[in-house]
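A look at the structure
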Amino acid sequence: MQIRMLRPELNGVCPDEGDSCVVHPKICDLEMVPNLRRSNSAFCKSKGKAHFATGNNEKENLSSWIPENIKKKECVYFVESSQMSDTGRVMCECGYPREQHLEEATKSSVFLGKEWDPKRHIQEMPTDAFGDISFAGLGPKVGKYVRVSADTPPCIIYQLMTQHWGLDVPNLLISVTGGAKNFNMMPRLKNIFRRGLVKVAQTTGAWIITGGSHAGVMKQVGEAVRDFSMSSSCKEGEIVTIGIATWGTVYNRGSLICPMGSFPAEYVLDEDSQGNLSCLDSNHSHFILVDDGTHGRYGVEISLRTRLEKFISEQTKVKEGVTIKIPIVCVVLEGGPGTLDTIYNAITNGTPCVIVEGSGRVADVIAQVANRPVPEITISLIQKKLSILFRDTYELFTEGKIVEWTKKIQDIVRSRQLLTIFREGKDGQQDVDVAILQALLKASRNHDHFGHENWDHQLKLAVAWNRVDIARSEIFTDDHEWKAFLTKVWWGKLCVDNGLWRVILCMVFFPLIYTSFVTFREKRLQPMSCLTRTRAFFTAPVVIFHLNILSYFSFLWLFAYVLMIDFQATPSWREYFIYFWLFSLVCEETRQLFYDPDGFGLLKMASLYFSDFWNKLDVCAILIFIAGLTCRWIPSTLYPGRIILSLAFIIFCLRLMHIFTVSKTLGPKIIIVKRMMKDVFFFLFLLAVWVVSFGVAKQAILIHNEERVDWIFRGVVYHSYLTIFGQIPSYIDGVNFNLDQCSPNGTDPYKPKCPESNKDKRPVFPEWLTVILLCLYLLFTNILLLNLLIAMFNYTFQQVQEHTDQIWKFQRHDLIEEYHGRPAAPPPFILFNHLQLFVKRVLLRQPAKRHKQLKEKLEKNEEAALLSWETYLKENYLQHQQCQEKQNMEQKIRDVAQRVDVLVELLDLDRVKRTGLVEQRLAGLEEQMSQTAKTLAWIVRALRGNGFGSEEDAPTMVPSKAPELKEYDSEEKPEETTAPYHVSSRNLLYPSSSTVRFPVPDEKVPWEVEFQIYDPPFYTADRKEVAACDLLRDSLESLLKINYNAMDGLINRQSFHCTYAIQNRLPLNPMGRTGLRGRGSLRFFGPNHALHPIVTCWRRNMDGSIYRKSLKKMLEVLVVKSPVSDHWALPGGSLEPGESLPLKLKRVLRREFWPQFQNLLNQGAEVYKGYVDDPRNTDNAWIETVAINVHFEDQNDMQMKRLNSFLQGRDPELCVRWQLVDKRIPLYANHKELLQKVTTLLGAYY
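Definitions and cut-offs
Residues numbered from 1 in each chain as written. Predicted model: local features only at pLDDT ≥ 70, side-chain atom pairs only at ≥ 80, totals over all residues. Heavy atoms only, no water. Helix = DSSP H or I, 4+ residues; strand = E, 2+ residues; numbered from the N terminus. Salt bridge = Lys/Arg side-chain N within 4 Å of Asp/Glu carboxyl O. Buried < 20%, exposed > 50% of the residue type's maximum accessible area, 1.4 Å probe, protein only. Right-handed = clockwise from strand over helix to strand, strands pointing away. Pairing = 2+ DSSP bridges. Contact = heavy atoms within 4.5 Å.

Our focus in this paragraph is unusual backbone geometry. Residue Pro-264 follows Phe-263 across a cis peptide bond; omega there is 5°. Mapped onto the elements of the fold, Pro-264 is located in strand β10 (residues 262–267). In this structure, the amide linkage connecting Pro-827 to the following residue, Pro-828, adopts the cis form with an omega of 0°. Relative to the elements of secondary structure, Pro-828 occurs in the loop between α26 (804–820) and α27 (830–843). Even without a glycine there, the phi angle at Asn-1064 is positive, about 55°. Within the secondary structure layout, Asn-1064 lies in the loop between β20 (1062–1063) and β21 (1066–1067). Of note, Arg-1065 is a non-glycine position whose phi angle comes to about 70°, a positive value. Structurally, Arg-1065 can be placed in the loop between β20 and β21.

So, in structure tokens, the structure goes:
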């Protein structure tokens, strides 16, 4: 694209939408536009499109808000550079030519004669490029863009995106990084990546952030979004794809400049002419173009992108009543040195990373060593990997750069909880979306939380993402000890670990409630004198359920007794009591029918009531009982009344099956019985055809004009039905024909009419025909139809059995919901509850209230979330159906061909992996062959000279140098071992400073190991308390007075380990190199001594017994937290010279308790004395500590009570608490190691 530059005295004015940008020297001068300053493009070009993405009001708001709040950067001092442009033009040090500078920049007298400095000579001014962007010739899609200064606060950009661009706050932030140049990926891996990335963004409502250019990984992301947009039928869920690029490297950026905003700006994507610049990707929806005032310099956007992602990840979002911090994950494809830095920074900041193996370069280097133990990731191994995967640029790697890469990769792999390697078809992974969400949950699981907070945070993430599959596979697993929500509701205010037998005993002997026989969750219910324990016990759903079972069995027993023994013409008191009991059941069913706390209405409530099978059974039993009761009160129908009541008893007994729904084993079997009853119902239609056809034919052939209806029914249906089960009529074949068993004329009401016979009383019907009909009938009914029924039963059983757990959970939920809202008293005493409800609802007009924990009516946001989830399921279902339709023979052939290609690629990949080892062995073999050739040549020369030659001239054989390398399977998990050297002391960025350590890989830590290129920087922080630290002035002369390895006045410079070495008047860290010289932020050179008291006691149950887990006792530990820290810590720290208690401990305890605590320390057990792996350590200064355990065995210990009363001393901002000891307790890493030693000493759980 050719850019025509205006004369310096003219300014470009952006015209209204729909007009061409015509600039005329007569009307476009400085006087007419006094507030407009010239940009480095000096003109704007508008479009003649009629389609606009932004309304007029929005345009006005953006045109005013953006220039006021968002700036760009421009060079204000032209200094000629030694480099020329591609067209031979003179360039400034900023990279722009003279004509693209402000007029005053070329004649500035303020900076004249000074060297060009970007901090001084690049200044901010209102941005001149923002609005909508459309890509010429690539469809009507319109995006958003803005040019921002590299120093723009992230909060301003976030406000622009959410308030002015109208983006919804994301539930997840996906930062995709990797190769900025085009690279090749295996077709199958490319498809998997694209599909998974789009799926995770679609289902979770995520933002995808990339570099925004039309190349490399950014192009892959853009094409994935494009493919989704073209294939998806759901137009609501557009994927937010944000490109953050460098303004100075964007090709054709001149078309984006317009001080009043472009709505839209037409951008031409021209890859052929872009040269060293980059075009924007047309498939991104939003662009943030970061400007530092320079041209052609890549990487300018990295700092702002990092700050923006960090800011977004610190924001919270409320969705469906769940508040979460927006999680962030980094997805890596391919990449070079910049990508490694991005991964390292992400891991350091606690951001989980997903590395896609097979994408190339950096991603493959990390993926191939990720399963190795860290000590095996050596410099030579990384060097070999780089020589293979960076074959074209390997010469650019210096020794120092390889060492730096080794150190960074070791630190990345060491944080395995934040690192996820996506390997196609391995580790059960098939989709990238699952790998991304699993990485986030894995990081959350390993993140330190207090108890319940950990899994609660994971559950909130899954709820916010609308991913039930992730919740089911990653959260609700057997290896987690969940106290499920429904279980808590089921047990009410009772502790869930009481045991059912305790509850039943308390139901029978209720005074046990007032003892410690059962425990309650609420502490206020613990005192034995608390009368509310009775209410809390009898209102628990588990108690209500078992009381109702006991009541129902009593009802059935009394009902059976009345029917069989005590059914008189005049009802006894027992029978009257049965009627009263039934009346209470009718009242309860009526309450369930009309109880409407959500305002559904009578019709809706009736529909919900009768949709339940057990309610239908209840109504049927009650109606039959009422019918029998009516007949029973009429003397002439007393006996039929008893019969009807007996039928009602059968249905009441069937109602007992409902109690089995609480059982995980028997509950699903009830569903099987119910579904098999439906199978039998449909089976009877088929069976009736054969029974009636055979019965009518048999009756017509054997019997002549039978007029008795009852005997017609017996002959046609009853006898035919019994024949199926082997009761074959004796007269059907004439062999066992006997006239004594029948009535010749059909006059005997107790005998069937005799078959057709002659005068000799012999049967005259065709016996051969009846036998054939009987055989055919038995063949089709006994063999065909009955086996069909068995097959139907088996299918039903298998179908239900596969979903047993799911069915039981639904049944259990319904049961808990029913008894959660049921009155506490069982029938017939439930009438007292009904009377109370009648007074409240009818007389006092109090509205019904539903418990907050259970509800049936969805709120508006909940319904929207449900619809969104259903839409996703619909799309998945339609996609699955389409895939099935395409599975024809031709498609199968293509699939086989593709699998063969994949197999070939895997074989090639395996060959590449082994190339390094083969090359080394070949090199050794070539060296051997060369030596052999030299030896043979020497022998030939010696023989030709008629002499044997001298031994000194003979070459020696060189042994093979091919190393023996252990190959690791990609699925083999390394053994987690403790790091042999200090780790935190080698973190590259020194805390609370901008100092970067010299990278020290594990193998180079010991001082004894040669490390010729080791050149660490020197850093010593300034401290306020000058008198209490080692001063380091202009030279090291002040260090001559320090007495190392001894008591230096009040300062103890002795190490607990050994006598440390002194080099150049400075002590050497006994644990090895750290990458930094000086004393850093520590106070003294050499050891800095500290004291860490570990105060513990046993965790107690409500009844005072020690709480156990996995049969081990559990501890509580005293921890403190300052307002400026995210971690809790042990109440200890550095010791002042001559002091015995740390200053941090004194801030926690009141002064009057200090001597007593010193006595407790003297009586405590020393658990550790030695070196502390701390990020503040250097080559010349380090921390050593003594950890002492003060344990209170008895909960009534007077010293413990005094300690609790004297906590929270001089600093009220400090937070102090007793915390349950668990491996996920959020303490500093070195403090957790000390705490683990205490649990080992006391034999406690950890």
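In total, this model carries 33 salt bridges according to the counting rule given. Between Arg-194 and Glu-223 there is a salt bridge; the shortest N-O distance is 2.1 Å. Taken together, the residues Arg-194 in helix α5 (residues 187–204) and Glu-223 in helix α6 (residues 216–231) connect sequence positions 29 residues apart. The exposure class of Arg-194 is buried, given its relative accessible area of 12%. With a relative accessible area of 15%, Glu-223 lands in the buried category. In this structure, Glu-588 and Arg-822 form a salt bridge, with 4.0 Å as the shortest nitrogen-oxygen distance. Within this pair, whereas Glu-588 is found in helix α19 (residues 573–594), its partner Arg-822 is found in the loop between α26 and α27, the two being separated by 234 residues in sequence.

Residues in a regular strand project their side chains so that they alternate between the two faces of the sheet. The element strand β7 (residues 172–178) is largely enclosed, with a buried count of seven among its seven residues. Here β7 shows no split at all, with Leu-172, Ile-174, Val-176 and Gly-178 on one side and Leu-173, Ser-175 and Thr-177 on the other all buried. Tracing the backbone out of β7, into α5 and back to the parallel element strand β8 (residues 206–210) gives a crossover that is right-handed. Relative to strand β14 (residues 328–333), β7 runs parallel, the two sharing six bridges. Within β14, the residue paired with Thr-177 across the bridge is Val-332.

Our focus in this paragraph is the environment of Ile-544. When you line up the elements, Ile-544 lands in helix α18 (residues 541–564). Counting along the chain gives 280 residues from Ile-544 to Ala-824, while the straight-line C-alpha distance between them is 5.7 Å. Not counting residues within four places of it along the chain, the set of residues in contact with Ile-544 comprises Phe-538, Thr-539, Tyr-819, Arg-822, Pro-823 and Ala-824.

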